[in-house]
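As a plain string of letters, each chain reads:
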Amino acid sequence: MALVTWFVWVLFLSTLLLCSADVHHYEFFVRESKFKKMCNTSTLLVVNNSYPGPEIRVHRGDTVFVNVHNRGKYGFTIHWHGVKQPRNPWFDGPEFITQCPIRPRTNFTYKIILSEEIGTLWWHAHSDWTRGSVHGAIVILPAENETYPFPKPDGEQTIILESWYNGNFKKIIDKALAAGTPPPQPDAYAINGHLGDTYGCPTDTIFRMEGDYKKTYLLRIINAAMNEQQFFTIMNHTLTVVAVDASYVRRFKSDYILISPGQTMDVLVSANRNAGQYYMATRPFSDSAVPPVDFITTGIFQYTNFVGGSNASLITLPAMNNTDAMLNFISRIRNTNVTQNPPINVPADTDINRRVFITLAVNDLPCKNSKCVVSDGFAASLNNVSFVYPHIDVLQAYYRNIGGVFAENFPFLPPEFYDFTGNLTGVVSAVEVGTRAICVNYGDAVEIVLQSTQMGAGGSHPIHLHGYSFYWVGAGFGNFNGETDPSTYNLVDPPLMNTIDVPGTGWVAIRFFANNPGVWYMHCHFERHTSWGMSTVLIVRNGSTIETSIRPRPSTMPRCHRT
């Protein structure tokens, strides 16, 4: 019945969007450019000489073609984060998962098929750490015959939260991986490429947003930071959350938001205070034993035609380790039954026929590189498997039945059970390296429980699944109990998300129907953890019809070096 409901919704949505869908074309020229911040000059790989990159602006259901020209020194790919790409994994973008890199002095055109997504998503490079400077917003407006499920805002502003390094992102991670050491902390955080007024360099700029008194604005907030969850606020103003990960949620008010790397949030703010200038500010949140640097980065929310200083000199944000503030915010995110959202279609307990229980850990492995400065380097794992990128993309190997590239035997349970979130004294958890995939059938009802462990420094993990939005049905602290914890699930109005934060001493449960055939990457959106192997691949096998099978492989796919 649930699958029938989904097909009815897809048929209705397709009919609705065919009446107004449009096609857009963009040209991305990716090259190295110089930027001066913190009184230093850094060379970054960017799109169209811009940091952040250009905004893609479309309507729901449109199709977008982006011709990417590589004018840099090394290969890279681009991912359209949160776009489901129905039956179209070829253009999803993660390096060596769905394609090989776009080589220097070549170009590749992505076809981006939008379906039910609405609100804000983003695009970013998906090779090494190049996403730190190669990223931008995707704004998905309602279709021409649709409305917002709230009063139409008077204006809008995209806000991208970023990590700033005084150096080239790829060189930073390459050096750390070669040495077996963790990458350095960022030198600052940024708002739309601006560092604000807290870092001491007189030439640094501050982001300014202007608004008219008594007008309401839609903020499209994206966390593009490399390894940091972020609190965000506008002093003396109330924020109303209306969408998360391009899906509308039940509206709620808050003095701040908490947003994880990879996530997007649509937030309303009204200019209803005394005319003036008010700080907007961001700072990291962490529940890890090795937290990020606790910098506060500022911007300005300025009322039109006001001249003068800031009305709010004191910046109030939750403390970096304030887990109560984190829980108070995320516990209020709920789905909303509005016509602009697909009907809520949560797999019921009786539907579930694929259960996967995955532990997340940071591990050690012998460092065998000639440049190692330590005996044991860092690895990260899912169920004690640290992912290794193959020499050709997994999708091509799967589609063409090429052997020796990956194995279809990712463990559906941890190889050993222990007190994951407790005292690990005496626990020695062996990790293996490999390219192993989770395989399910088309139409399967899937439940994945993600369990944090205290291995390494512990802490949260924002997990992103490509090709899908999933229902966040459960969360808790301690070790997941398969007998009792499912009784606490929210199967009534769970939010529909593509990136979920797993708390450092707890677990989350997600559910979805495997109705998008293809090869889809699942990974931690902390880039250091992905670099160390905290990822896997979800393969959803073809259904029995053309309409439930992967689209044919495009002839324009970038060639792999060994093919």
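A quick note: this is a predicted structure, and the numbers were derived from the prediction, not measured.

## Quick look at the overall build of the protein
Item 1. Check the secondary structure of the protein and you find 5 helices and 32 strands.
Item 2. Rg of the C-alpha trace for the protein: 22 Å, near the compact-globule value of 24 Å for 563 residues, within the 12% margin.
Item 3. If you line up the protein on its principal axes, its C-alpha atoms span 65 × 60 × 55 Å.
Item 4. Counting all 563 residues of the protein, 63% fall into the buried class.
Item 5. Contacts in the protein between residues far apart in sequence, at least 24 positions, make up 79% of those at least 6 positions apart.
Item 6. Accessible surface computed for the protein: about 21300 Å², of which carbon and sulfur atoms make up 51%.
Item 7. Taking the 42 positively charged and 45 negatively charged side chains of the protein as two groups, their mean positions are separated by 7 Å.

## A few points about the UniProt feature "domain: Plastocyanin-like" (unreviewed entry) in the protein
Item 1. According to UniProt, the feature "domain: Plastocyanin-like" (unreviewed entry) maps to residues 31-143, 157-304 and 432-543 in the numbering used here.
Item 2. Annotation note: span residues 31-143, helix share 0%, strand share 46%, distance between end C-alpha atoms 34 Å.
Item 3. Taken end to end, residues 432-543 has its terminal C-alpha atoms 32 Å apart, with 5% of it in helix and 49% in strand.

## What to know about the state of the cysteines
Item 1. Across all of its chains, the model carries 3 disulfides by this definition.
Item 2. Sulfur-sulfur distance for the disulfide between Cys39 and Cys201 comes to 2.0 Å. Given an S-S torsion of about 100 degrees, the disulfide between Cys39 and Cys201 has right-handed geometry. Of this pair, Cys39 sits in the loop between strand 1 (23-37) and strand 2 (40-47) while Cys201 sits in the loop between strand 10 (188-191) and strand 11 (207-211), and the two are 162 residues apart along the sequence.
Item 3. On the accessibility criterion, Cys39 (43% relative accessible area) is partly exposed.
Item 4. Accessibility expressed as a relative area gives 10% for Cys201, which makes it buried.
Item 5. Ordering the disulfide-forming cysteines of the protein by sequence position, one finds them joined as 1-3, 2-6, 4-5.
Item 6. Unpaired in terms of disulfides, Cys439 finds its nearest cysteine sulfur in Cys100, a separation of 19 Å.
Item 7. Residue Cys439 is classed as buried on the basis of its relative accessible area, which comes to 9%.

## Here's the deal with the sheet that holds strand 8 (residues 135-141)
Item 1. If you walk across this open sheet you meet the 4 strands as 3-8-7-5, and the pairing is mixed. Of all the strands in the sheet, the pair left with one neighbour each is strand 3 (56-59) and strand 5 (78-81). Sheet twist, expressed as the average angle between the axes of neighbouring strands with direction ignored, equals 20 degrees.

## Concerning helix 3 (residues 323-330)
Item 1. What helix 3 keeps buried is the set Ala325, Met326, Phe329 and Ile330. Down the axis of helix 3, the buried set is contained in an arc of 115 degrees. They therefore lie on one face.
Item 2. Structurally, the start of helix 3 carries an N-cap: the backbone nitrogen of Asp324 is 3.2 Å from a side-chain oxygen of Asn322.

## Examining the environment of Trp520
Item 1. In this structure, Trp520 sits in strand 31 (residues 518-524).
Item 2. When the C-alpha atoms of Trp520 and Leu465 are compared, they prove to be 7.1 Å apart, with 55 residues separating the residues in sequence.
Item 3. Aside from chain neighbours lying at most four places away, what touches Trp520 is Lys84, Gln85, Asn88, Pro89, Asp92, His466, Gly467, Tyr468, Thr536, Val537, Leu538 and Val540.

## Let's talk about the side chain of Glu117
Item 1. Take Glu117: it is sitting in the loop between strand 6 (107-113) and strand 7 (119-125).
Item 2. No salt bridge is formed by the buried Glu117; its nearest oppositely charged neighbour, Lys84, is found at 4.1 Å.
Item 3. There is a polar contact of 2.8 Å between the side chain of Glu117 and the backbone nitrogen of Lys84.
Item 4. Reaching out from Glu117, the side chain makes a polar contact with the backbone nitrogen of Ser115 at a distance of 2.7 Å.

## Quick look at the environment of Arg334
Item 1. Within the secondary structure, Arg334 sits in the loop between helix 3 and strand 20 (354-366).
Item 2. Using a relative accessible area of 28% as the deciding quantity, one classes Arg334 as partly exposed.
Item 3. When sequence neighbours within four positions are dropped, the list of residues in contact with Arg334 reads Val249, Arg250, Asn490, Asp493 and Pro495.

## Here we look at the nonpolar core
Item 1. Among the nonpolar cores identified, the biggest contains 68 residues, and Phe232, Ile257 and Phe329 are the most heavily contacted of them.
Item 2. In this structure, Phe232 is in contact with Ile159, Leu161, Leu219, Ile221, Leu239, Tyr256, Ile257, Met280, Ala281, Thr282 and Leu317, ignoring residues within four places of it in sequence.
Item 3. Core analysis: the second largest hydrophobic core is formed by 48 residues, Ile56, Val83, Leu395 and Phe406 among them.

## What to know about the sheet that holds strand 16 (residues 257-259)
Item 1. Sheet architecture is open: 5 strands sit in the order 11-19-18-13-16, paired in mixed fashion. The strands lining the two open edges of the sheet, one partner per strand, are strand 11 and strand 16. Pairs of neighbouring strands in the sheet enclose a mean axial angle of 25 degrees, with direction left out of account.
Item 2. Bridging between strand 13 (residues 229-234) and strand 16 involves 3 bridges; their strand directions are antiparallel. Residue Phe232 lies in a different strand from strand 16, and its bridge partner there is Ile257.
Item 3. Its contacts with the sheet place helix 3 against strand 13, strand 16 and strand 18 (277-285), and it is angled at close to 90 degrees to strand 16.

## Some details on the packing of aromatic side chains
Item 1. In the structure shown here, the tally under the stated rule is 33 aromatic pairs.
Item 2. Measuring from ring centre to ring centre gives 6.1 Å for Phe150 and Tyr248, while their planes differ by 80 degrees; the resulting arrangement is edge-to-face. Placement of the pair is Phe150 in the loop between strand 8 and strand 9 (155-164) and Tyr248 in strand 15 (residues 247-254), with a sequence separation of 98 residues.
Item 3. The class for Tyr248 is buried, based on a relative accessible area of 3%.
Item 4. Among the aromatic residues, those joined into a cluster by ring pairs are Phe357, Phe417, Tyr418, Phe420, Phe480, Tyr489 and Trp507.
Item 5. In this structure, Lys37 is placed above the aromatic ring of Trp164, and the distance from its NZ or CZ to the ring centre is 5.7 Å.
Item 6. Over the ring of Tyr74 we find Lys170, and its NZ or CZ is 5.0 Å from the ring centre.

Reading the values: rules and limits
- Residues numbered from 1 in each chain as written.
- Predicted model: local features only at pLDDT ≥ 70, side-chain atom pairs only at ≥ 80, totals over all residues.
- Heavy atoms only, no water.
- Helix = DSSP H or I, 4+ residues; strand = E, 2+ residues; numbered from the N terminus.
- Rg over C-alpha atoms; globule rule 2.2 N^0.38 Å.
- Buried < 20%, exposed > 50% of the residue type's maximum accessible area, 1.4 Å probe, protein only.
- Contact = heavy atoms within 4.5 Å.
- Areas by Shrake-Rupley, 256 points an atom, 1.4 Å probe, with all protein chains shown as cover.
- Lys, Arg positive; Asp, Glu negative; His and termini not counted.
- Charge placed at Lys NZ, Arg CZ, Asp CG, Glu CD.
- UniProt positions renumbered as here; feature names shortened; annotations may be inferred.
- Disulfide = S-S within 2.5 Å.
- Pairing = 2+ DSSP bridges.
- Axes fitted to C-alpha atoms, helices over the stretch in contact; angles between N-to-C directions.
- Arc of directions from axis to C-beta.
- Polar contact = N/O pair within 3.5 Å; in protein donor to acceptor, adjacent residues only side chain to side chain.
- Salt bridge = Lys/Arg side-chain N within 4 Å of Asp/Glu carboxyl O.
- Core = buried A, V, L, I, M, F, W, Y, C linked by side-chain atoms within 4.5 Å.
- Phe/Tyr/Trp six-rings, centres within 6.5 Å; stacked < 30°, edge-to-face > 60°.
- Lys NZ or Arg CZ within 6 Å of the ring centre and 35° of its normal.

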